[in-house]
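Chain residues, written in single-letter form:
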Amino acid sequence: MNKYELEEKTNNVIEETKNSLQTMYDALNKGQQKQIVKNEEVKALFDRYGVEYIE
């Protein structure tokens, strides 16, 4: 596996993870969304993967 293939596969996994987290967040009701973002570990994970959320 060369550098390009590794980078492409890594980017795909990152995008899949972001999409999964975004889907999970969007499925929550407003109260649940506010509660989950209060958890600093979850918030850091959302920030790392670029999940859009409202505080």
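Chains are numbered independently. Their residues run from 1 in the order of the written sequence. Two thresholds apply to this predicted model, a pLDDT of at least 70 for residue-level local features and 80 or more for giving and counting side-chain atom pairs, whereas whole-chain, interface and lining totals are computed over all residues. Excluded from the side-chain calculation are hydrogens and water; included are all heavy atoms of the structure.

**A closer look at the pattern of salt bridges**
Now for step 1: In what follows, salt bridge is the name for a side-chain nitrogen of Lys or Arg lying within 4 Å of a carboxyl oxygen of Asp or Glu. Going through the model one piece at a time under the given rule, you end up with one salt bridge.
Now for step 2: Note that Lys-43 and Glu-55 form a salt bridge whose closest N and O atoms lie 2.9 Å from each other. Pair noted here: Lys-43 is in helix α3 (residues 40–49) and Glu-55 is in the segment after α3, with a separation of twelve residues, a long-range link.
Now for step 3: When accessible area is computed with a 1.4 Å probe and restricted to protein chains, residues below 20% of their type maximum are described as buried, those above 50% as exposed, and intermediate ones as partly exposed. Overall, the relative accessible area of 18% leaves Lys-43 in the buried class. Working definition: helices are DSSP H or I runs of at least four residues, strands are E runs of at least two. Numbering for both runs from the N terminus.

**Quick look at the nonpolar core**
Now for step 1: Ranked by size, the top nonpolar core spans seven residues in total: Leu-21, Tyr-25, Val-37, Val-42, Phe-46, Val-51 and Tyr-53.
Now for step 2: Every residue pair with non-hydrogen atoms within 4.5 Å of one another is taken to be in contact. Not counting residues within four places of it along the chain, the set of residues in contact with Val-37 comprises Tyr-25, Lys-43, Phe-46, Tyr-53, Ile-54 and Glu-55. Only buried Ala, Val, Leu, Ile, Met, Phe, Trp, Tyr and Cys residues count toward a nonpolar core, and they belong to the same one when joined by side-chain atoms within 4.5 Å.

**A few points about the environment of Glu-40**
Now for step 1: With respect to the element layout, Glu-40 can be found in helix α3.
Now for step 2: With a relative accessible area of 57%, Glu-40 lands in the exposed category.
Now for step 3: With 30 residues separating them along the chain, Glu-40 and Thr-10 place their C-alpha atoms 25 Å apart.

**Focus: the environment of Lys-18**
Now for step 1: Along the chain, Lys-18 turns up in helix α1 (residues 3–27).
Now for step 2: For the pair Lys-18 and Gly-50, spaced 32 residues apart in sequence, the C-alpha to C-alpha distance is 6.7 Å.
Now for step 3: Leaving out residues up to four positions away in the same chain, Lys-18 has contacts with Tyr-49, Gly-50 and Val-51.

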